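Overview (structure and organization)
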Amino acid sequence: MRKVSLGSLVNIRTGKLDANASNPEGKYPFFTCSRETLKIDTYSYDCECVLVAGNGDLNVKYYNGKFDAYQRTYIIESIDKNILNVKYLYYFMQLYVSKLRQMSIGGVIKYIKLNYLTDAKIPLPNIEKQNKIVKVLEKAQELIDKRKAQIEALDQLTQSVFLEMFGDPVLNPNKWDTNVLGSFLLNIDSGWSPKCEAYPATNGEWGVLKLSAVTQGIYLPHENKALPKNISPREEFEVKAGDILFTRKNTKELVGACAYVFETPKKLMLPDTIFRFKFKPNQNKINEIFLWRLFNHHGIKRKLRILAEGSAGSMPNISKKKLLEFAIIVPPIELQNKFAEIVKKIQFKKEALQCSLVELEKLSHSLMQQAFRGELFND
């Protein structure tokens, strides 16, 4: 299969807006470098395109319609859709983004250059074969989306149970006692961020978590980078079951994400961008699972983001001091423990669905690799 430079097949431009231009009540999608799609009141673009995050957590999205975009988001359109199917381009970029991550440059916030996209070599079969490939990959994506929807439904169930038992934790209609987080903690651990490999740890290697291991509000241990073999691990930062992890530094939309570790592979360490809460011995006022779900309530997440500070060009950051002084509701521990038992039962069902999701994603990835090696259809 012949390969063609992507720059000869597409038009590429970037958005013009700041990341803070979003409005949660907006009518149109607003694409930033976050995996999450925001909302905005107005639109500047109306097209079918692939969107590539130009910095931070590099990711790829497909959209067809009216939208707006952050100034570091690349908007890629096919010059001639009879030569390059935009959905075909999207699936190619899903694979190619791993190479973009390897090529990204910069200090605190990694970024890519325009030529990293224009110089990419895309396998280009005729449009009929592209359309066939897209249909196969779309079917695989439909299965993945259905599984994710099932998992999301269980998350919504957990949040519904939380609200039924405790009410809105910001308004506190049940008049629960309140106290600052620091009154329950012995310490907040900071991790360690040595320069790591671009690939995840395997076969018993030591690894360091990425921010994406926590940003969805659930613990994703496969989101890590392998520790180079010439660097000794720091075992005091190894993640353990029962840990609560908190992203102290990230983009405006994702800072303050919180995840509970039900189980974890060994030899994974915290980076310095993720906190770990260390509770006082024998404290019996706060259940860790309750606190995790409290911190994932949308109103509490908004309050946590207000704590974040950052200068121009840097990611917002939440200090230990402000986090320790953050006030939370403290319902009776018996009620918290009852809630935690319900969450554990829901989690058991979620884990089965998540294992299935992993297998579906592996299948989809394999199909994409076959497609862009010219092995999916041999005619």
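See the structure above.
Given the structure is predicted, the values throughout are model-derived calculations rather than measurements. (Residues numbered from 1 in each chain as written. Predicted model: local features only at pLDDT ≥ 70, side-chain atom pairs only at ≥ 80, totals over all residues. Heavy atoms only, no water.)

Moving on to the packing of aromatic side chains. All chains considered together, the criterion is met by 22 aromatic pairs. Measuring from ring centre to ring centre gives 5.5 Å for Phe31 and Phe67, while their planes differ by 70°; the resulting arrangement is edge-to-face. With a gap of 36 residues between them, Phe31 in strand E3 (residues 28–31) and Phe67 in strand E6 (residues 60–69) connect regions that are remote in the sequence. Assessed through its relative accessible area of 3%, Phe31 is described here as buried. Phe67 sits in the buried class, given a relative accessible area of 0%. Seen from their ring centres, Phe162 and Phe339 are 5.6 Å apart, and the 75° between their planes marks the pair as edge-to-face. (Phe/Tyr/Trp six-rings, centres within 6.5 Å; stacked < 30°, edge-to-face > 60°. Helix = DSSP H or I, 4+ residues; strand = E, 2+ residues; numbered from the N terminus. Buried < 20%, exposed > 50% of the residue type's maximum accessible area, 1.4 Å probe, protein only.)

A word on the environment of Leu357. Its place among the elements puts Leu357 in helix H7 (residues 333–372). Leu357 sits in the buried class, given a relative accessible area of 11%. Those residues in contact with Leu357 that lie beyond four places of it in its chain are Ile144, Arg147, Lys148 and Ile151. (Contact = heavy atoms within 4.5 Å.)

Next up on the list: the nonpolar core. Membership of the largest hydrophobic core comes to 37 residues, with the highest contact counts inside it found for Val50, Val52, Leu84, Leu89, Met93 and Leu100. Secondary structure elements with two or more residues in this core: strand E5 (45–53), strand E7 (73–78), helix H1 (86–103), helix H2 (114–118), helix H3 (127–166) and H7. If we skip the residues at most four places from it in the chain, Met93 touches Leu6, Val50, Val52, Val60, Leu100 and Leu117. (Core = buried A, V, L, I, M, F, W, Y, C linked by side-chain atoms within 4.5 Å.)

Strand order in this open sheet of four strands is E10-E16-E13-E14, and the pairing throughout is antiparallel. At either margin of the open sheet sits one strand with a lone partner, and together these are strand E10 (185–190) and strand E14 (258–260). Taking the axes of each pair of neighbouring strands and ignoring which way they run, one obtains an average angle of 25° across the sheet. Bridge count for E10 against strand E16 (residues 274–279) is five bridges, and the pairing is antiparallel. Of the residues in E16, the one forming a bridge with Ile188 is Phe277. Strands in contact with helix H4 (residues 288–295) are strand E13 (244–247), E14 and E16; relative to E14, the strand with the most contacts, it is inclined by about 150°. (Pairing = 2+ DSSP bridges. Axes fitted to C-alpha atoms, helices over the stretch in contact; angles between N-to-C directions.)

A separate point is the packing of H3 against H4. For the pair H3 and H4, interaxial distance at closest approach is 11 Å and the crossing angle is 105°. Here H3 is positioned roughly perpendicular relative to H4, judged by the angle of their axes. For the pair formed by H3 and H4, the contact residues are Asp155, Thr158, Gln159, Phe162 and Phe166 on the first element and Phe290, Arg293 and Leu294 on the second. For the contact of H3 with H4, the residue count by class is four nonpolar, two polar and two charged. (Parallel < 35°, antiparallel > 145°, perpendicular 65-115°, else oblique. Nonpolar A, V, L, I, M, F, W, Y, C, P; charged D, E, K, R; others polar.)

It is worth spelling out the sheet that holds strand E12 (residues 224–226) at this point. Taken in spatial order, the three strands line up as E12-E11-E15 in an open sheet, and their pairing is mixed. The sheet terminates laterally at E12 and strand E15 (268–269), the two strands that pair on one side only. Across three bridges, strand E11 (residues 207–209) lies against E12 in antiparallel orientation. Bridge pairing links Val208 to Lys225 in E12.

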